[in-house]
Amino acid sequence: MPVNLGLAQASSDFLIAALLIYSLAVLAFAGDYAFGRPRRAVKAVAHAAEPAAALATVGANTAAVAGAAPGTVAGGPVPPAAPAAPGTGTGPGAGGTGLPARPTGALRATWEAGPWVRAAVALSVIGMLAHVAAVTTRGFAVHRAPWGNMYEFVTALTCVAAIFFCYIVVRYRAWALGVFVMGAVVIALGLAETVIYTPAGPLVPALQSYWLSIHVTAMTLSTGIFFVAAVLGIMYLVAEWYRKRVAAGKAEPGNGLLERIPSAAQLDKLTYRTVIFGFPIWTFGVIAGAIWADQAWGRYWGWDPVETWAFITWVIYAAYLHARATAGWRGARAHYIQLLGFASLAFNILVVQVFITGMHSYAGVG
Amino acid sequence: MFKAKRRTVAVVAAVAVVLLAGALAVTLTTGSGAQAGVSYLNGNPAQRVYAAGDRPVAPDFTGTSLTGAPIKLASYQGKIVVLNFWGSWCPPCRAEAPTLAVLSEQYAAKGVDFIGDDVADTSASALAFTRSVGISYPSVNDPGYLIVQDFSQVVPVNDTPTTIVIDRTGHIAGMVLGTVSYATMVTLLKDAAVTQ
Amino acid sequence: MTDVRSSRSTSAPQQETADGTGEATGPFGPNEMDVTESGGGGTSVPPDTSAGWLRWGWRQLTSMRTALILLFLLALGAIPGSILPQQGTDPASVQQYYASHPSLAPWLNRLGLFNVFATPWFAAIYLLLFASLIGCVVPRTFRLVGAARTPPPRAPRNLKRLPHSTTYDSALPPAAAAESAAALLGAHRFRLRRPAADDSGHWVSAEKGYVREVGNLLFHLSLVGILISIALGGLFGYKADKLLVQGTSFGDTVSALDEFHPGRLATASDLAPFRMTLDNFSASYVTSGQNEGEPSSFKASVTYSDTPGGPARQGVIEVNHPLSVDSVKVYLIGHGYAPVFKVTGPGGKVAYEQATPFIPASTGTLLSDGVVKAPNANLGFMGVFVPTAIDNGGTLESIFPAADNPVVSLDAYSGNLGMNSGVSQSVYQLDSTGMTKIGGSPHVMLPGQTWTLPGGKGSITFVGVQQWVSLAITYDPGQVPALVCGILALCGLLLSFFVRRRRVFVRAVPAASGAGSVVTIGGLTRTDASGGFEEEFAELAFEIASAGTSVTASPGDAAPGAASPGAAETAAVAAGDDKPEPNNQSETGA
């Protein structure tokens with residue numbers, strides 16, 4: 001079936017629209033940083049209570065993972081009486097004032113976060129919808145799943161990253177992460193459009209199998225999720241570096257930008273939860289790839305370069321998960337490992353598939 | 001209680017190791033090992049002799065000769081049969097062909113018949129060859145190795161050429177994996193004449 | 001203080017701290033965030049007996065740190081296997097590497113870098129890793145079984161020290177409040193523990209989420225299963241190749257196969273005794289547009305029988321669609337052309353007449369090379385087959401892979417082909433030493449044409465064209481077990497990630513006012529796994545409290561009876577007035 005050029009053009013148009021809207025969303029997230037509601041109510045108490053922050057953040061409130069800012073043990077993040085924060089004694093409801101309440105709805109919390117956040121989240125969602133439209137129309141244009149070459153793969157995985165981010169930004173109130181995650185999406189998408197753009201076309205017969213939909217979809221999904229985790233990991237390292245500087249007295253606690261991002265502990269948790277979301281999907285993708293390889297090439301594992309690097313990526317993320325449970329390897333070290341895992345993933349996509357000959361070489365680039 | 005657990009672990013581990021070792025030993029020794037009743041001529045595993053009570057039954061086959069005549073193995077009951085798997089494209093087969101030609105002449109009167117199984121070949125090339133070396137015994141046309149496959153179920157036929165000696169009752173008495181030599185064939189034919 | 005721990009035997013601390021994540025929080029929270037890794041790992045005191053050394057070594061091997069290091073080594077070790085050409089998959093590239101890096105290549109070879117995944121050092125890495133894994137997982141399985149049989153610990157006295165806790169006033173007396181909480185938690189399928197008859201307190205301990213550890217163990221054991229499955233395949237499996245010309249058949253026996261690669265413990269007698277005939281092969285190509293000449297489909301129609309005497313069946317083999325025959329799979333991996341030639345000798349006698357497979361030199365256009373050997377006429381030919389031929393300024397080229405305009409171009413040789421000496425030759429190669437070239441420049445023939453050779457040496461006729469397919473026959477007994485283990489591993493992974501092991505405690509003490517009780521609910525998770533325990537705890541607390549207050553409303557309670565969300569908010573607003581930033585939603589976002 002020939003390529004539907006009208007839909008292909010529509011796909012390009014939607015993608016440009018998504019790029020523009022995402023850029024506006026990034027601006028809005030930045031605006032929230034600059035002009036949004038102040039977040040650190042009790043800064044002095046916060047830093048004095050820093051050692052207790054671990055306790056507090058373990059689950060001080062019902063609302064959000066990224067919820068309690070460092071040290072805001074005092075200020076119940078969710079105004080309706082949250083279950084008491086432990087230990088420090090300043091928690092509301094510690095004396096048993098009334099029933100524990102249901103947690104606040106996520107959407108409501110988003111609305112109440114202020115106009116900048118509302119605009120940013122709305123723009124992110126609209127941009128994400130445009131992005132989804134771009135990917136879908138591309139699929140209809142070429143009559144197949146729209147991840148058959150490098151360009152399509154990158155647009156699809158950034159779409160996954162955007163969807164995933166839209167989910168966590170509302171569910172976990174992670175507005176502070178918006179600038180960075182959406183910024184990374186914009187950069188990746190921009191590079192894809194300019195550097196590796198491939199016009200819509202049919203697939204090589206070796207790829208004409210329904211396993212394409214299953215295997216490459218899983219890899220696209222998990223790559224998108226690991227992409228978000230990598231951004232969060234970098235943010236963690238920055239937050240941790242800043243926290244150490246403050247603790248050593250080298251930096252003023254009142255530094256605007258770095259004050260606004262979540263604490264290192266929260267980022268650590270959020271990164272972990274993102275990785276454990278993506279890791280099973282990656283595992284499934286590798287298994288599906290093995291099944292497809294058996295159908296197409298006669299063996300389910302042959303140490304093809306792309307297979308090998310998918311394995312290496314898997315092992316590194318497994319190392320990250322083990323590191324989180326090993327003394328001396330938590331914290332920054334674990335995040336280095338996680339970032340190394342994403343680096344190996346990126347290497348697999350950008351270098352191995354394109355330059356190293358193997359049976360996977362149909363990235364469609366060049 | 002903890003000591004008990006450690007002991008249980010040790011016991012379980014030991015049992016597992018023993019089972020594993022046993023399974024491994026069993027697998028390694030069965031299958032490709034020497035079967036009972038086979039002996040090698042001059043210690044050469046390519047030259048096999050089957051003792052009188054342990055001879056496998058030769059699978060029957062029906063086919064067409066290179067000249068179009070029908071051939072059936074069962075019709076050779078009561079004669080000793082030398083079955084030679086060959087092809088005109090196969091240099092070792094071509095090299096041993098004169099030996100087989102001579103043997104077939106010499107033993108014709110002694111109740112020994114020679115049959116060829118021509119594999120992966122066409123009648124044209126095969127006949128051109130047999131005529132050139134003076135082979136007058138028939139060969140069955142078997143381009144797909146189907147007769148070879150039947151025989152490989154009972155004796156190891158790994159390559160061409162392979163020669164099998166079948167005794168008067170239709171049992172495999174001996175075989176040569178690879179090219180035959182005159183002396184080997186004489187010995188095998190003598191053994192084949194020994195019946196139960 | 002220590003009533004929780006003292007209630008059980010010495011195995012309790014083991015259980016509390018060594019659950020593998022190392023982050024075990026006992027009922028008293030982070031004070032017990034003792035980072036004892038599984039398997040002990042203590043390295044402080046060097047052992048002095050050989051048994052002590054062994055034990056120390058074993059603890060080191062099964063520690064998390066060692067697992068981490070081995071994982072890194074595994075990833076690192078796999079890298080050269082993907083960057084350098086590997087002997088197993090692409091021996092030609094290895095040869096090329098030797099040619100272009102003559103001094104470096106032998107050193108890389110000594111390190112085994114051209115066959116990484118079969119080297120002893122790579123095997124050592126993953127075997128050590130699996131030993132570490134098994135040594136960690138097996139004891140934990142025993143521990144899990146033990147934990148599953150012991151009830152949850154007693155409720156601590158001061159529940160407010162737990163990471164999650166809340167308190168509310170209940171109208172029920174302490175015993176009834178505790179009972180209703182127990183009933184509710186039981187309904188949520190928690191495992192409960194109630195105070196003993198002689199215990200004066202009113203409390204409930206509830207625990208849930210053992211499945212998490214089950215998932216963890218299942219995942220790791222499944223990895224062992226995968227390793228065993230791969231070993232099974234490598235030992236007992238085999239791979240074979242067969243080139244089959246259209247219209248011909250073959251029996252699956254080792255002498256018929258072009259290549260046979262058995263596993264270590266597999267032999268030729270393990271071949272499945274099927275027979276197969278290639279009835280027809282059709283290849284279609286894109287005829288126009290930007291993808292002209294690219295293959296669009298390959299289809300081989302075969303008739304086969306599982307056993308020599310068995311019933312004949314029809315089958316189709318395509319790319320991405322292998323055929324299952326008996327226990328093996330037959331794949332279509334390539335195809336080409338086999339022009340049919342008839343060669344006559346000096347006397348005009350036919351010396352050769354068959355379809356001769358030519359091997360494609362270019363996969364795009366299927367321009368193919370081949371030889372014809374007619375030893376009985378002392379003639380040999382070497383040349384090319386062009387499927388769709390055009391004359392491009394004197395050179396013959398193929399512009400399309402289908403046989404639309406087939407042409408052969410041959411060189412002829414006369415003399416001794418060397419086939420009577422007994423030394424094996426490749427059927428695709430002609431050794432022209434000892435032969436003389438006759439006929440001058442390559443002779444081009446169309447189908448049906450005959451080339452009479454000079455000097456009365458004979459003739460060759462290009463009769464027509466057949467096609468051949470290349471089939472791969474594989475048997476892998478470990479394939480299905482590996483898949484099953486892979487799926488189990490995935491299930492185990494999901495369970496271990498998304499199931500929380502959590503404990504909820506409820507304690508009721510008589511209220512100061514005399515009527516009713518003050519109920520404290522506390523909860524914690526063993527690990528900070530996936531999120532959501534905060535919500536779950538809040539929901540549970542809400543439900544317990546609502547169930548507890550549904551009986552009577554007492555004055556002074558901010559939220560009586562029905563405990564609707566509205567009532568909760570009323571209480572919330574009342575409580576919220578105390579806060580410095582009442583509407584500071586940004587707390588949650590920051």
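None of these values were measured; they are calculated from a predicted model.

**A closer look at the state of the cysteines**
In step 1: If you walk through the whole model with that rule in mind, you get 1 disulfide over all chains.
In step 2: Between the sulfur atoms of cysteine 90 of chain B and its disulfide mate cysteine 93 of chain B the distance is 2.2 Å. Here the disulfide of cysteine 90 of chain B and cysteine 93 of chain B is right-handed, its torsion about the S-S bond being about 75 degrees.
In step 3: Considering cysteine sulfurs only, cysteine 166 of chain A is the nearest to cysteine 159 of chain A, which forms no disulfide, with 9.4 Å between them.
In step 4: Classification of cysteine 159 of chain A as buried rests on a relative accessible area of 7%.
In step 5: Judged by relative accessible area, which is 7%, cysteine 166 of chain A ranks as buried.

**Focus: the interface of chain B and chain C**
In step 1: Across the boundary between the two partners, chain B contributes 32 residues, which contact 36 residues of chain C.
In step 2: When chain B packs against chain C, the two sides together hide about 2700 Å² of surface, and 60% of this comes from carbon and sulfur.
In step 3: Among the residues of chain B in contact with chain C, Pro91, Arg94 and Gln149 of chain B are the three that bury the most area, contributing 21% of the side total.
In step 4: Inspection of the region where chain B meets chain C yields 1 salt bridge.
In step 5: Notably, a salt bridge pairs arginine 275 of chain C with aspartate 150 of chain B, separated by 3.1 Å at the nearest N-O pair.
In step 6: Our enumeration of links across chain B and chain C arrives at 14 residue pairs in polar contact (both at pLDDT 80 or more).
In step 7: Only α1 (2-29), α2 (91-107), α3 (123-133) and α4 (146-152) of chain B provide two or more residues apiece to the side of chain B that touches chain C.
In step 8: Among the residues making up the side of chain B that touches chain C, the classes are represented as 16 nonpolar, 11 polar and 5 charged.

**Looking at the packing of aromatic side chains**
Residue and element names in this part refer to chain C.
In step 1: Under the criterion given, the structure shown has 37 aromatic pairs over all chains.
In step 2: Ring centres of tryptophan 121 and phenylalanine 122 lie 6.2 Å apart, and the angle between their planes is 80 degrees; on these two criteria the pair is classed as edge-to-face.
In step 3: Relative accessible area serves as the criterion here: at 2%, phenylalanine 122 is assigned to the buried category.
In step 4: Judged by centre distance (6.0 Å) and plane angle (80 degrees), the rings of phenylalanine 250 and phenylalanine 274 are edge-to-face. Linking phenylalanine 250 in strand β5 (residues 249-251) with phenylalanine 274 in the loop between β6 (259-262) and β7 (275-285), this pair joins segments that are 24 residues apart in sequence. Assigned by exposure class, phenylalanine 250 and phenylalanine 274 land together as buried.

**Side note on the pattern of salt bridges**
In step 1: In total, this model carries 18 salt bridges over all chains according to the counting rule given.
In step 2: Where glutamate 152 of chain A meets arginine 138 of chain A, a salt bridge forms, and the shortest distance between an N and an O atom there is 2.8 Å. Residue glutamate 152 of chain A is found in helix α6 (residues 150-171), and its partner arginine 138 of chain A is found in helix α5 (residues 115-142); the two are separated by 14 residues along the sequence. The same class applies to glutamate 152 of chain A as to arginine 138 of chain A, namely buried.
In step 3: Linking arginine 501 of chain C and glutamate 207 of chain C is a salt bridge whose minimum nitrogen-to-oxygen distance equals 3.0 Å. Residue arginine 501 of chain C is found in the loop between α10 (479-498) and β22 (502-510), and its partner glutamate 207 of chain C is found in strand β3 (residues 202-208); the two are separated by 294 residues along the sequence.
In step 4: The class of glutamate 207 of chain C is buried, set by a relative accessible area of 2%.
In step 5: Three or more residues joined by partner-sharing salt bridges are found here, namely Glu240, Arg243 and Lys244 of chain A.

**Looking at the environment of valine 137 of chain C**
Residue and element names in this part refer to chain C.
In step 1: With respect to the helices and strands, the residue valine 137 is situated in helix α7 (residues 120-149).
In step 2: Measuring from C-alpha to C-alpha, the distance between valine 137 and alanine 351 comes to 70 Å, with 214 residues separating the pair along the chain.
In step 3: Those residues in contact with valine 137, other than ones at most four positions away along the chain, are Leu217, His220 and Leu221.

**Regarding a nonpolar patch on the surface**
Residues and elements named next belong to chain A.
In step 1: Residues Ile187, Leu191 and Val195 make up a contiguous nonpolar surface patch of about 320 Å² in total accessible area.
In step 2: Tracing the backbone through its elements, the reader meets valine 195 in helix α7 (residues 178-195).
In step 3: Look at valine 195 and you get exposed, because its relative accessible area is 62%.

**Remarks on the environment of glycine 458 of chain C**
All names here are of chain C.
In step 1: Mapped onto the secondary structure, glycine 458 falls in the loop between β20 (450-452) and β21 (459-475).
In step 2: In this structure, the C-alpha to C-alpha distance between glycine 458 and glutamate 539, residues 81 residues apart in sequence, is 96 Å.
In step 3: Residues contacting glycine 458, with those up to four places away along its chain left out, are Thr344, Gly345, Pro346, Leu379, Trp451, Thr452 and Leu453.

**Structural notes on unusual backbone geometry**
In step 1: Note that the residue after threonine 160 of chain B, namely proline 161 of chain B, is joined by a cis bond; omega there is 0 degrees.
In step 2: As for its placement among the helices and strands, proline 161 of chain B is situated in the loop between α4 and β8 (162-166).
In step 3: Even without a glycine there, the phi angle at aspartate 326 of chain C is positive, about 55 degrees.
In step 4: In this fold, aspartate 326 of chain C is placed in the loop between β10 (323-325) and β11 (328-344).
In step 5: Positive phi is not limited to glycine here, since asparagine 378 of chain C has a value of about 55 degrees.
In step 6: Within the secondary structure, asparagine 378 of chain C sits in the loop between β14 (368-374) and β15 (379-386).

Calculation notes
Residues numbered from 1 in each chain as written. Chains lettered and ligands numbered in written order. Predicted model: local features only at pLDDT ≥ 70, side-chain atom pairs only at ≥ 80, totals over all residues. Heavy atoms only, no water. Disulfide = S-S within 2.5 Å. Buried < 20%, exposed > 50% of the residue type's maximum accessible area, 1.4 Å probe, protein only. Contact = heavy atoms within 4.5 Å. Buried area = accessible area lost by both parts, 1.4 Å probe. Salt bridge = Lys/Arg side-chain N within 4 Å of Asp/Glu carboxyl O. Polar contact = N/O pair within 3.5 Å; in protein donor to acceptor, adjacent residues only side chain to side chain. Helix = DSSP H or I, 4+ residues; strand = E, 2+ residues; numbered from the N terminus. Nonpolar A, V, L, I, M, F, W, Y, C, P; charged D, E, K, R; others polar. Phe/Tyr/Trp six-rings, centres within 6.5 Å; stacked < 30°, edge-to-face > 60°. Patch = residues over 30% accessible without salt bridge, like charges linked within 9 Å, V, L, I, M, F, W, Y side chains within 5 Å. Areas by Shrake-Rupley, 256 points an atom, 1.4 Å probe, with all protein chains shown as cover.

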